[in-house]
Amino acid sequence: MSDGISDDAEDVVGVLTERIEAQFAMGMDQLKAAVVAAPTANPDATDVVKWHRLLVQAQSVLDRAEDDLLAALETQPSEVDDPTLGLAHRVNAAVTTRDGRALVVRWLLDPDAPGKKDLAAERLARLRPRTGPAVHTSAPHRPAGTPASAWRAGRPVR
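This structure is a prediction, so every number in the text was calculated from the model and none was measured.

Enquirer: Is there a simple way to explain the pattern of salt bridges in this structure?
Expert: If the charged atoms of two oppositely charged side chains come close together, the side chains can form a pair. In this structure the tally under the stated criterion is two salt bridges. Ionic pairing is found between Asp68 and Arg90, a salt bridge with its closest N-O pair at 2.6 Å. Of this pair, Asp68 sits in helix 3 (residues 43-75) while Arg90 sits in helix 4 (residues 82-109), and the two are 22 residues apart along the sequence. Since its relative accessible area comes to 37%, Arg90 is described here as partly exposed. Notably, a salt bridge pairs Asp99 with Arg98, separated by 2.8 Å at the nearest N-O pair. Given a relative accessible area of 3%, Arg98 falls into the buried group.

What follows is the structure, encoded as structure tokens:
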């Protein structure tokens, strides 16, 4: 990869963690604590912490899948059986999940990433959870003399 992330899968989480810590000028534990204390104070930090957590989880799943595959391969004769092939597919799926989450983290860290300064960025901003209350609403006003049952049915009484 071109931005300091090597092709060695073991480095992906570590390199992205270092980039996060550099961008927010604090360690991951401090950043996580800050996000827990004030989740709406910095939506970018909240998103990065969320996706970093998902990335770490995906890496853990991948590590377990690789360990299971290696253990199965050590007991195999010359041909691989179906359960072992299933483990290989599980490793491939875990790599795909981990890499997808790594791409999201990279995108979140890049202020010039495609989609951050155009119409897509505006739409994304609208999808963020609201930090304040929704617009206040009240029941519609029923004209005087209109029975409640008629108003609820959607037709005023004449």
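Enquirer: What should I look at first to understand the packing of aromatic side chains in this one?
Expert: Centre distance and the angle of the planes are the two values used to describe a pair of aromatic rings. For the structure shown, the criterion picks out zero aromatic pairs. Between the NZ or CZ atom of Lys116 and the centre of the ring of Trp107, over which it lies, the distance is 4.6 Å.

Enquirer: I would appreciate a short explanation of helix 4 in the present structure.
Expert: Each α-helix winds once per 3.6 residues, and so residues spaced three or four apart point in a common direction. Here helix 4 spans 41 Å end to end across 28 residues, near enough to the 40 Å set by a 1.5 Å rise per residue. For helix 4, the set of buried residues is Thr84, Leu87, Val91, Ala94, Arg98, Ala102, Val105, Leu108 and Leu109.

Enquirer: When you look at the nonpolar core in this model, what are you seeing that I'm missing?
Expert: The biggest cluster of nonpolar side chains holds 16 residues, and the ones touching the most others in it are Leu16, Ile20, Phe24, Leu31 and Leu109. Every element with two or more residues in this core is listed here: helix 1 (9-24), helix 2 (28-37), helix 3 and helix 4. For this core, the element with the highest residue contribution is helix 1, accounting for five residues. Residues in contact with Leu109, not counting those within four places in the same chain, are Leu16, Arg19, Ile20, Gln23, Phe24, Val48 and Lys116. Ala65, Leu87, Val91 and Ala94 belong to the second-largest nonpolar core, a separate cluster that totals seven residues.

Enquirer: Help me out: how do you make sense of a nonpolar patch on the surface in this one?
Expert: Taken together, the side chains of Leu70, Leu73, Val80 and Leu85 define a hydrophobic patch exposed on the protein surface, amounting to about 350 Å² of accessible area. As for its position among the elements, Leu85 is in helix 4. When its relative accessible area of 43% is taken as the criterion, Leu85 is described as partly exposed.

Criteria and thresholds
Residues numbered from 1 in each chain as written. Predicted model: local features only at pLDDT ≥ 70, side-chain atom pairs only at ≥ 80, totals over all residues. Heavy atoms only, no water. Salt bridge = Lys/Arg side-chain N within 4 Å of Asp/Glu carboxyl O. Helix = DSSP H or I, 4+ residues; strand = E, 2+ residues; numbered from the N terminus. Buried < 20%, exposed > 50% of the residue type's maximum accessible area, 1.4 Å probe, protein only. Phe/Tyr/Trp six-rings, centres within 6.5 Å; stacked < 30°, edge-to-face > 60°. Lys NZ or Arg CZ within 6 Å of the ring centre and 35° of its normal. Expected span 1.5 Å × (residues − 1). Core = buried A, V, L, I, M, F, W, Y, C linked by side-chain atoms within 4.5 Å. Contact = heavy atoms within 4.5 Å. Patch = residues over 30% accessible without salt bridge, like charges linked within 9 Å, V, L, I, M, F, W, Y side chains within 5 Å. Areas by Shrake-Rupley, 256 points an atom, 1.4 Å probe, with all protein chains shown as cover.

In short, the description is geometric, and any link to function would need to be established separately.
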